[in-house]
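Okay, here's what each chain looks like letter by letter:
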Amino acid sequence: MRKTSDFIFEIGCEEIPAGMIAKACDEFKAILEKYLLTAGLLDKENIEVIGTPRRITAICKALLQRQPDSEKEVTGPPKSVAYDSAGEPTRAAMSFAEKQGVPLGKIYTVATQRGEYIATKLVTVGRPAEAILAEILPRAVAEIAWPRSMYWTTRESMRFIRPIRWIVALLGGKVLKLEVAGVRAGRESAGHRFLGKSAVLIKNAAGYESALRKSFVLVRPEARRKKIESEVAKLATKNHLKVHEDPALADLVVYLNEYPSVILGSFDASYLELPDEILITVMRGHQKYFALRTSNGRLAPHFLAVINLDRDAKGLVCAGHERVLRARFADARFFWESDQKCRLADYLPKLAHVTYESRLGSYADKVERMRQLARWFAEQWFAQGITQASVASADRAAELSKCDLVTGMVGEFPELQGIVGGLYAESQGEPEDVFQAVYDHYRPAGLDEKIPSNLTGCAVALADKMDSLVGCISAGLLPTGSSDPFGLRRAALGVVKIILERKLPVSLSSAISAGVKALTSTTPKIHVKPEIEKQIIDFIIDRARFVMRERLGFAYDEVNAVLAAGSDDLVDAVKRLEALKAIRRSKNFEPLAVSFKRIRKIIEKAGPADIWQLPAVRPELFDTDSERALHSAAEAANRKASADKRAGKYREALQTIAELRPAVDKFFQDVLVNAENEDVRRNRLTLLQTLLREFSTIADFSEVAAGESR
Amino acid sequence: MHPETFLRVLGPEPYKVCYVQPCRRPADGRYGENPNRLYKHSQFQVILKPAPANIQDMYLASLKAIGIDLTVHDIRFEEDNWESPTLGAWGMGWQVLLDGLEITQFTYFQQSGGIDLEPASVELTYGLERIAAFLQSVESIFDIQWTPERTYGQVRLAEEQQFSTYSFDFADVTSARQMFDLTEKEALRLIENYPRKDPAAKRRYPVLAAYDLCLKCSHFFNLLDARGAISTTERAALIGRVRQIACRVAACYLDQTSSNDSTGSRESEESE
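Please read all numbers here as calculations on a predicted model, not as lab measurements. (Residues numbered from 1 in each chain as written. Chains lettered and ligands numbered in written order. Predicted model: local features only at pLDDT ≥ 70, side-chain atom pairs only at ≥ 80, totals over all residues.)

## Looking at the overall build of chain A
When helices and strands are tallied, chain A shows 26 helices and 18 strands. Against the 2.2 N^0.38 benchmark of 27 Å for 710 residues, chain A shows a C-alpha radius of gyration of 36 Å, more extended than a compact globule. Taken over the C-alpha atoms alone, chain A extends approximately 105 × 95 × 45 Å along its principal axes. When the 710 residues of chain A are sorted by exposure, 44% land in the buried category. Sequence separation of 24 or more characterises 67% of the internal contacts of chain A that already satisfy a separation of 6 or more. (Helix = DSSP H or I, 4+ residues; strand = E, 2+ residues; numbered from the N terminus. Rg over C-alpha atoms; globule rule 2.2 N^0.38 Å. Buried ≥ 20, exposed ≤ 12 C-beta atoms within 10 Å, placed from the backbone. Contact = placed C-beta atoms within 7 Å.)

In structure tokens form, the structure reads like this:
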């Protein structure tokens, strides 16, 4: 049984940003495990890392006290060189032994593939854990990656998220000799800033949590979460209220406090006349309060604040928070009222002074283009039988969509852009179709976010995103690497999500052309090079591939095969994907895909089509039955598949095509494409080319990987 | 940013300074109607170079010293990295909240005028009106008893109303742009004529005046911003122009002070 000791390592820090602590703990755990497993001090991954705003702590109940000894075999010269004919060691053997630091007696021979060699075993004695930890720990701390790090003494000194002020490092209760960022490790930790002792002595890992608990630090995030949740529930129940759920906020407050308590505060009910979105944003964003609802679901004039104290005995903290919230709400009301001294549309002229992008003009210019595009989308949809599409609503919503950018409210709460415009439009009597569209038009903000809730909103959102894509890419602002200042990736993702989730008939190429037309026909009338449209399509299709794979769960090759057969109508592409996915496991399909690949290669090898292609297949040039059979099977299949395809029955069409497999197989068995007779050869190539072309309109089978089940 | 902060954090010499700084932020004006927000407020600014290891404790002791009982109030250091993109200055730190009210910005300066600081300084900026309102338990900043005879509102409300009105409603965008351009031009003229190679001429060269002009540019930028006249992209361009002045001033200042071994007395500057 190897001896183990318990181990504790605490990085004491000035307040670490709450949102980063959990991730840093996970990362530190992985770093430590990597080092300790490599050093042989750990049998398995049993390090635990927990954190509060002021500390990141690693705990291990059983760390080996010493590295195990390790043994390594070293081979020397061949036996024939090491021993003379009399079997006596030669100079070579002696110098080998000397070099390895072992007596001659420890030398033996080993058989290798190349013959017999002399060898010896070298034993490396394991080092004590103390020595290894002293090396590893400072390095491990420095390896934690932060979004941005700082120095607090000189530039050459260590960088970290915030200054490191103390280090506790104990192995089996004994202080390790090490230094991190110029701080010598000891056993002195710190309690809660105001409630606990400033110096808390830690005896060993086992006593760590309870020692800090006595000084009002709940080291375990779960313990803090539990305390918060139970107090939140108690206060809500007691006051017959329900908490406005906010998991992200809950995660945040767990890491904002070392000893959290929850207090209930109130505000003047007159503020409830402001929209919920604004009240909640103020409470949540600035003050990190939980909003509360009454039993009928309406916002209540109360809030819950999580404070870093054991209680608010005199009610001073609560009074303070209430006062701050009153001022914040007064600010919001100030904006709500002063912004609405004029109507939303009255802000339009101001947009002319707000540049969208230097080459793409002002926001007023963008709004003009958006109106044109939004109308275009609505017209298209209406023409395709979507009767609720309203050109007038789309136009009006696009016109109002950006007005809120110059309001005070959005200046103060930029995260409410669109929402504020929607709320103002609503309170100023715009129809629901319009105000909801304004409200929603920035959606979706990401892969998991909702798309606009009505059709007009979809038209305006698509117009906005399409204009950004067409405009910025034309202006040479295609995102590179991680830099995407105009959010073009998000815009393209939004276009894809809206089209797919709402199942909208949109021709991407026509939509892009409409965008280009808007860009070239209204000020600042920029010139768009023809090749740009292709770049824009590729950019959007790239996001579509991502959505189809990561979100809809289609395989790589399925997506490639379907998009190679056409990507202009994304809703149709997904229908074809579903058919392909359903059919690919059937017995004929993948073998047929292999044959199509072969056909493609043969055709590529034959060189440019114009030198061999016949206007049509000429049956009189066939000289085997297999050719004739394939030709007639293909013609029949094409008739049936085309009819199915027109009816949108992609699965049936693919089934029909798959059934060609025996005919294709037979053809390749019996027929040599490259016949000596030139006409016969050209006829065969033409037959194969027709096959490939006609049957690649749903999916390009040659893109399908056989025998893979991704 | 006061030159005692912006410039003094540059270079290696230890330096400690504190002073009250009136801060004008046109976009924060509320016509005197918001109990916590002001067009112009007063900050008590502290610079400590190098940053002491116990600076957080020193800061908390300062709160105790002015009568805040830390055991019955909720004091919190919440992430807030301060940055002045117009001046190429930034640092990492917190806003300090007292029962949810922001009372101090606490920053470990990393750069000023685009120059990495060696060593790092710590800056504390106390919001005096908010702290005073808290200590006097008054609801609004304007109710603070500023002197035994007068409230803060009596002293300052008219100014708040008028300057809010000016920045939001009256300031002429075209003139503000022209003044920005003019001031920039004058600042650049000073910077470009800095006699880098002439130690004698250097000593009295008005680098500080160039910085003063830089601050004026920054103010016109803020004014245009409050008027809602600047877009996201134009904003970046204007910020870049002010930053360029700030960075070049910082470089001149470092050159001037390192060749001027005796850091002579410098007269104090006015606001911003």
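Back to the write-up after that little detour.
## A short note on the overall build of chain B
The helix and strand tally for chain B stands at eight helices and seven strands. For a compact globule of 272 residues, the expected C-alpha radius of gyration is about 19 Å, and chain B comes in at 20 Å, within 12% of that figure. Oriented by its inertia axes, the alpha-carbon framework of chain B measures out at about 60 × 45 × 35 Å. In chain B, buried positions account for 44% of the 272 residues. Put simply, 64% of the contacts in chain B that link residues at least 6 apart link residues at least 24 apart.

## Here's the deal with the sheet that holds strand S8 (residues 174–175) of chain A
Residues and elements named next belong to chain A. Taken in spatial order, the five strands make up an open sheet running S2-S3-S1-S7-S8, and their pairing is antiparallel. Taken across any chain shown, the strands that pair with only one partner, and hence form the sheet edges, are strand S2 (47–52) and S8. Against the sheet, helix H5 (residues 205–214) contacts strand S1 (4–13), strand S3 (55–64) and strand S7 (164–171), and its axis sits at roughly 40 degrees relative to S1. (Pairing = 2+ DSSP bridges. Axes fitted to C-alpha atoms, helices over the stretch in contact; angles between N-to-C directions.)

## Let's talk about the domain arrangement of chain A
Each assigned domain of chain A is listed with its residue range as follows: domain 1 (4–67 + 128–214), domain 2 (70–124), domain 3 (221–339), domain 4 (356–553) and domain 5 (576–703). For domain 2 of chain A versus domain 4 of chain A, the distance between C-alpha centres works out to 77 Å. (Domains from an automatic or database assignment.)

## Description of the domain arrangement of chain B
With domains assigned, chain B is organised as domain 1 (3–167) and domain 2 (170–259). By residue number, the principal contributor to the side of domain 1 of chain B that touches domain 2 of chain B is helix H4 (residues 152–170) of chain B, which donates three residues.

## Here's the deal with the packing of helix H11 (residues 363–383) of chain A against helix H12 (residues 391–401) of chain A
Residues and elements named next belong to chain A. At a minimum axis distance of 8 Å, the contact between H11 and H12 shows a crossing angle of 155 degrees. By the angle between their directions, the pair H11 and H12 is classed as roughly antiparallel. Considering only the axes of H11 and H12, their crossing is right-handed. Where H11 abuts H12, its residues Val 367, Met 370, Arg 371, Ala 374, Arg 375, Phe 377, Ala 378, Glu 379 and Phe 382 lie against Val 391, Ala 394, Asp 395, Ala 398, Glu 399 and Ser 401. In the contact of H11 with H12, the residues fall into nine nonpolar, one polar and five charged. (Parallel < 35°, antiparallel > 145°, perpendicular 65-115°, else oblique. Left-handed = near helix turned anticlockwise from the far one by under 90°. Nonpolar A, V, L, I, M, F, W, Y, C, P; charged D, E, K, R; others polar.)

## Regarding the interface of chain B and chain A
At the interface, 37 residues of chain B touch 38 residues of chain A. Where the side of chain B that touches chain A is concerned, the elements lending two or more residues are strand S3 (75–79), strand S5 (89–98), strand S6 (101–112), strand S7 (115–127) and helix H8 (232–259) of chain B.

## Here's the deal with the sheet that holds strand S15 (residues 290–293) of chain A
Sheet strands associate in pairs through backbone hydrogen bonding, adopting either a parallel or an antiparallel arrangement. Residue and element names in this part refer to chain A. The four strands are arranged S13-S15-S16-S14 in an open sheet whose pairing can be described as antiparallel. What marks the edges here is a single partner per strand, and that holds for strand S13 (242–243) and strand S14 (261–266). As defined by bridge partners, S13 adjoins S15 across two bridges and the pair is classed as antiparallel. Along S15, the bridge assignment pairs Lys 242 with Arg 293. In the packing of helix H9 (residues 316–339) onto the sheet, the strands contacted are S14 and strand S16 (299–307), and the crossing angle to S14 comes to about 50 degrees.

## Observations concerning the environment of A:Glu209
As for its placement among the helices and strands, A:Glu209 is situated in helix H5. As for A:Glu209 and A:Arg220, which are separated by eleven residues in sequence, their C-alpha atoms are 8.2 Å apart.

## Some words on helix H25 (residues 661–670) of chain A
All names here are of chain A. Residues of H25 that are buried: Arg 661, Val 664 and Phe 667. Across the axial projection of H25, the buried residues extend over an arc of 125 degrees, all falling on one side. Next to the buried residues of H25 lie helix H22 (589–605), helix H23 (625–646) and helix H24 (650–658). (Arc of directions from axis to C-beta.)

## Quick notes on the packing of helix H14 (residues 419–427) of chain A against helix H15 (residues 432–440) of chain A
Residue and element names in this part refer to chain A. At a minimum axis separation of 6 Å, H14 and H15 run at an interaxial angle of 165 degrees. One way to sum up the angle between H14 and H15 is to call them roughly antiparallel. Crossing angle aside, the handedness with which H14 passes H15 is left-handed. The segment H14 lies against H15, with Ile 419, Gly 421, Gly 422, Ala 425 and Glu 426 engaging Val 434, Phe 435, Gln 436, Val 438 and Tyr 439. Taken together, the residues that form the contact of H14 with H15 break down as six nonpolar, three polar and one charged.

## Describing the confidence of the model for chain B
All names here are of chain B. In the predicted model, chain B carries a mean pLDDT of 91, and the fraction of residues at 70 or more is 94%. Ignoring residues within four places in sequence, the model shows residues 262–272, a span with pLDDT below 50, making eleven contacts including any to other chains. Across the interfaces of the predicted complex, the ipTM metric reaches 0.90, alongside a pTM of 0.79. (pLDDT = per-residue confidence, 0-100.)

## A look at the nonpolar core
Residues B:Cys214 and B:Val249 are the most contacted members of the largest nonpolar core, which totals 272 residues. One finds A:Ala82, A:Phe96, A:Ile107 and A:Ile118 within the second-largest nonpolar core, a separate group that totals six residues. (Core = buried A, V, L, I, M, F, W, Y, C linked by C-beta atoms within 7 Å.)

## Some remarks on unusual backbone geometry
Glycine aside, negative phi is the norm for most residues, and most peptide bonds take the trans geometry. In the segment running from A:Thr523 into A:Pro524, the intervening peptide bond is cis, with an omega of 0 degrees. Relative to the helices and strands, A:Pro524 resides in the loop between helix H18 (508–521) and helix H19 (530–551). Following B:Lys49, the chain continues into B:Pro50 via a peptide bond in cis, with omega recorded as -5 degrees. Of note, B:Pro50 is situated in the loop between strand S2 (40–49) and helix H2 (55–65). With a phi angle near 50 degrees, A:Lys503 is a residue other than glycine that sits in the positive phi range. With respect to the helices and strands, the residue A:Lys503 is situated in the loop between helix H17 (488–501) and H18. For A:Lys503, a count of 10 C-beta atoms within 10 Å corresponds to the exposed category. The backbone of B:Ser137 sits at a positive phi, close to 50 degrees, despite the residue not being glycine. Topologically, B:Ser137 is positioned in the loop between helix H3 (128–135) and H4.

## Focus: the environment of A:Val460
For A:Val460, the position within the fold is in helix H16 (residues 455–474). Residues A:Val460 and A:Arg396, 64 residues apart in the sequence, show an inter-C-alpha distance of 9.6 Å.

## A word on the environment of B:Tyr253
All names here are of chain B. Within the secondary structure, Tyr 253 sits in helix H8. It is 9.7 Å that separates the C-alpha atoms of Tyr 253 and Pro 206, two residues lying 47 residues apart in sequence. Excluding anything up to four places from it in sequence, Tyr 253 contacts Leu 7, Leu 10 and Val 207.

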